[in-house]
Amino acid sequence: MVAMSFRALLFSPNFPKSPPETISTRNRSNPARSLFRVPTNSPHGRRLFRVSVTEGRRRSGKVYADVRDILDSVRDSVEFKDALDDAASSEDDLDSTIPWWEQFPKRWVIVILCFASFLLCNMDRVNMSIAILPMSAEFNWNPATVGLIQSSFFWGYLLTQIAGGIWADTVGGKSVLGFGVVWWSVATVLTPVAAKLGLPFLLVVRAFMGIGEGVAMPAMNNILSKWVPVAERSRSLALVYSGMYLGSVTGLAFSPFLIHQYGWPSVFYSFGSLGTVWVALWINKAYSSPNDDPQLRPQEKKLIVSNCISKQPVKTIPWKLILSKPPVWALIVSHFCHNWGTFILLTWMPTYYNQVLKFNLTESSLFCVLPWLTMAFSANLGGWIADTLVSRGLSVTTVRKIMQSIGFLGPAFFLTQLSHVNSPAMAVLCMACSQGTDAFSQSGLYSNHQDIAPRYSGVLLGLSNTAGVLAGVFGTAATGYILQHGSWDDVFKVSVGLYLVGTVVWNLFSTGEKILD
């Protein structure tokens, strides 16, 4: 064996540059002495050296390396070279043996499943806005009855806003979201049966459907807060919420085809049955947290755990303090004003296209798709604009007020133009622009909960969203009453008035600064 050893000066305070970074420390217990094994290539073959790094005596600041050749030339040893290369890239080799679908990050599997649940959520919700047209003709429902049916969904939806969040925090997001999808899917399938039994049965089934969908949002927030690192949270939430927009597009696009081919009950049977496919995947793939998943790869688990912000649990909620803050009431009032117009457009838009613009059922549903596509685009555009303004030094308060003012005044302006347009194409354009500017609210009031009270953002969301659901209950029912005694212009005037009230309240009392610790 050929053996070599020598001593080399690695670093001195007189050197112009810092010492090179170490690669693979074998002994970290003694900071004054470190051991390395360094493979090198030379004209005589591949050699392996044992390097001992020590600090100079008398605190001179110098660092020395004692280098000893511990292996002979391995030029002819193919097996050793392969073993050394395999050890250096063992993780890459391991990944190459795993199919690509198993290498896909598990956290994004959870995100995609949540996206799919929100897609089904809005598909099952908006199908009634299309099916209500042939149903009302078959059962001789007047506009007031139609409004009552449309609003009955929100009776159950209202009950599970805060309760769903508490339940998700207690038993885990997987169980709660799974329960929600099963519950609303069953209610969707039972809708035709209930309609034929009588109006009271239909109202109960629609309320039951609202109970299931009411837990979806808090359960989703709970599970993603545990699975998604902070650096990926915005992207994941954007994808999940886009499922709601695409669910509306899908429901509005396919409902007329199913109705014409198989009758209006087929919409509820087909959409509701899709929930069984999702539940089967959810049970097999989803876990409430990374710690519960036995198949999660260690590298991904480490990434998730090390990049999640831990918060002190909220033991008591200071209700009196929360309700004493004007910005909190600005959130509640603005959420009510915003959702009044949004839910009216969601539930009554196909009826407006059919009765006023004289579109048939297929045309009504297809034109309803355009505002939702516009909304999906505008929401992402508004988020990019808001982040850009903040990064350039504009205060969060100013950005929130600008974005929400667009979200209020834009829809108000375009709704007022509907009574002045002379063609269906212009009416559809006004409706699309109204929904598009409405989506800027996601960078306004919908982002404000985290701004003013990070620890109690869930409570604030429950409070403001409860007010928003109440707007859906009263707004959809009131629209049916107004149409029975007035016109669509009167419906739009009420929405415009509330948009203006929300604009004033928001700009006077909202803030982007933290007001609750």
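Residues numbered from 1 in each chain as written. Predicted model: local features only at pLDDT ≥ 70, side-chain atom pairs only at ≥ 80, totals over all residues. Heavy atoms only, no water.

Asks: When you look at the nonpolar core in this model, what are you seeing that I'm missing?
Replies: A general feature of soluble globular proteins is that nonpolar side chains tend to end up buried together. Cys-114, Met-135, Leu-224, Tyr-352 and Tyr-353 are the most contacted members of the largest nonpolar core, which totals 111 residues. In terms of residue count, the dominant contributor to this core is helix α4 (residues 106-139) (16 residues). (Core = buried A, V, L, I, M, F, W, Y, C linked by side-chain atoms within 4.5 Å. Buried < 20%, exposed > 50% of the residue type's maximum accessible area, 1.4 Å probe, protein only. Helix = DSSP H or I, 4+ residues; strand = E, 2+ residues; numbered from the N terminus.)

Asks: Looking at this model, I keep getting lost on the packing of aromatic side chains. Mind explaining?
Replies: Each pair of aromatic rings is reported with the distance of its centres and the angle of its planes. Inspection of every chain in the model, using the stated rule, returns 19 aromatic pairs. Considering the side-chain rings of Trp-264 and Phe-268, the 6.3 Å spacing of their centres and the 85° angle between planes classify their relative orientation as edge-to-face. Given a relative accessible area of 6%, Trp-264 falls into the buried group. Each ring, one from Trp-278 and one from Trp-282, has its centre 4.8 Å from the other, and the planes form 20°; the classification is stacked. (Phe/Tyr/Trp six-rings, centres within 6.5 Å; stacked < 30°, edge-to-face > 60°.)

Asks: Any chance you could explain the confidence of the model for the protein here in plain terms?
Replies: The predicted coordinates should not be examined in detail at positions where pLDDT is low. Looking at the protein as a whole, the pLDDT averages 78, with 74% of positions reaching at least 70. When mean pLDDT is compared element by element in the protein, helix α8 (residues 199-214) scores highest at 94, while helix α1 (residues 78-88) scores lowest at 42. Long-range and interchain partners of residues 70-94, a stretch whose pLDDT sits below 50, account for 25 contacts in this model, where long-range means more than four residues apart. (pLDDT = per-residue confidence, 0-100. Contact = heavy atoms within 4.5 Å.)

Asks: Help me out: how do you make sense of empty space enclosed by the protein in this one?
Replies: Left-over empty space is what a probe sized like a water molecule reveals as it rolls over the atoms. The tally for this structure, following the rule as stated, stands at 2 cavities of 30 Å³ or more. Here the second largest cavity defines a volume of roughly 50 Å³. Contributing to the lining of the second largest cavity are Phe-118, Cys-121, Arg-125, Tyr-157, Glu-213, Gly-214, Ala-216, Met-217 and Met-244. Of all the elements in the fold, those that place two or more residues in the lining of the second largest cavity are α4, α8 and α9 (216-227). The residue makeup of the lining of the second largest cavity, split by class, is 6 nonpolar, 1 polar and 2 charged. (1 Å grid on protein atoms, 1.4 Å probe; cavity = no way out; pocket = protein on both sides within 12 Å on 5 of 7 lines; lining within 4 Å. Points joined across faces, edges and corners; volume = space filled by probe spheres on them. Nonpolar A, V, L, I, M, F, W, Y, C, P; charged D, E, K, R; others polar.)

Asks: I'm lost on the side chain of Ser-464 in this one. Help?
Replies: With respect to the helices, strands and loops of the structure, Ser-464 is situated in helix α19 (residues 457-485). With relative accessibility at 0%, the residue Ser-464 sits in the buried group. Side-chain polar atoms of Ser-464 contact the side chain of His-335, separated by 3.1 Å. When near neighbours in sequence (up to four residues on either side) are disregarded, Ser-464 contacts Leu-331, Ile-332, His-335 and His-449. (Polar contact = N/O pair within 3.5 Å; in protein donor to acceptor, adjacent residues only side chain to side chain.)

Asks: In this structure, what is going on with a nonpolar patch on the surface? I would like to understand it.
Replies: Taken together, the side chains of Val-182, Val-186, Leu-190, Val-193, Leu-197, Phe-201 and Tyr-269 make up a nonpolar region of the molecular surface, amounting to roughly 630 Å² of accessible area. With 5 residues, helix α7 (residues 173-197) is the largest single contributor of residues to the nonpolar patch. Within the secondary structure layout, Val-186 lies in helix α7. (Patch = residues over 30% accessible without salt bridge, like charges linked within 9 Å, V, L, I, M, F, W, Y side chains within 5 Å. Areas by Shrake-Rupley, 256 points an atom, 1.4 Å probe, with all protein chains shown as cover. Salt bridge = Lys/Arg side-chain N within 4 Å of Asp/Glu carboxyl O.)

Asks: Help me understand unusual backbone geometry in this model?
Replies: Positive phi, close to 60°, is recorded for Asn-140, a residue that is not glycine. Locating Asn-140 in the fold gives a position in the loop between α4 and α5 (143-159). Taking relative accessible area as the criterion, Asn-140 reaches 69% and is therefore assigned exposed.

Asks: Please explain α9 as it appears in this structure.
Replies: Since there are 3.6 residues in each turn of an α-helix, residues three or four apart along the chain are aligned in direction. Spanning 12 residues, α9 covers 16 Å between terminal C-alpha atoms, matching the ideal 16 Å at 1.5 Å per step. Among all positions of α9, only Ala-216, Met-217, Pro-218, Ala-219, Met-220, Asn-222, Ile-223, Leu-224 and Trp-227 are buried. (Expected span 1.5 Å × (residues − 1).)

Asks: Looking at this structure, I do not really get the environment of Asn-284. What am I missing?
Replies: Structurally, the position occupied by Asn-284 is in helix α11 (residues 265-285). A distance of 3.1 Å separates the side chain of Asn-284 from the backbone oxygen of Ala-280, its partner in a polar contact.

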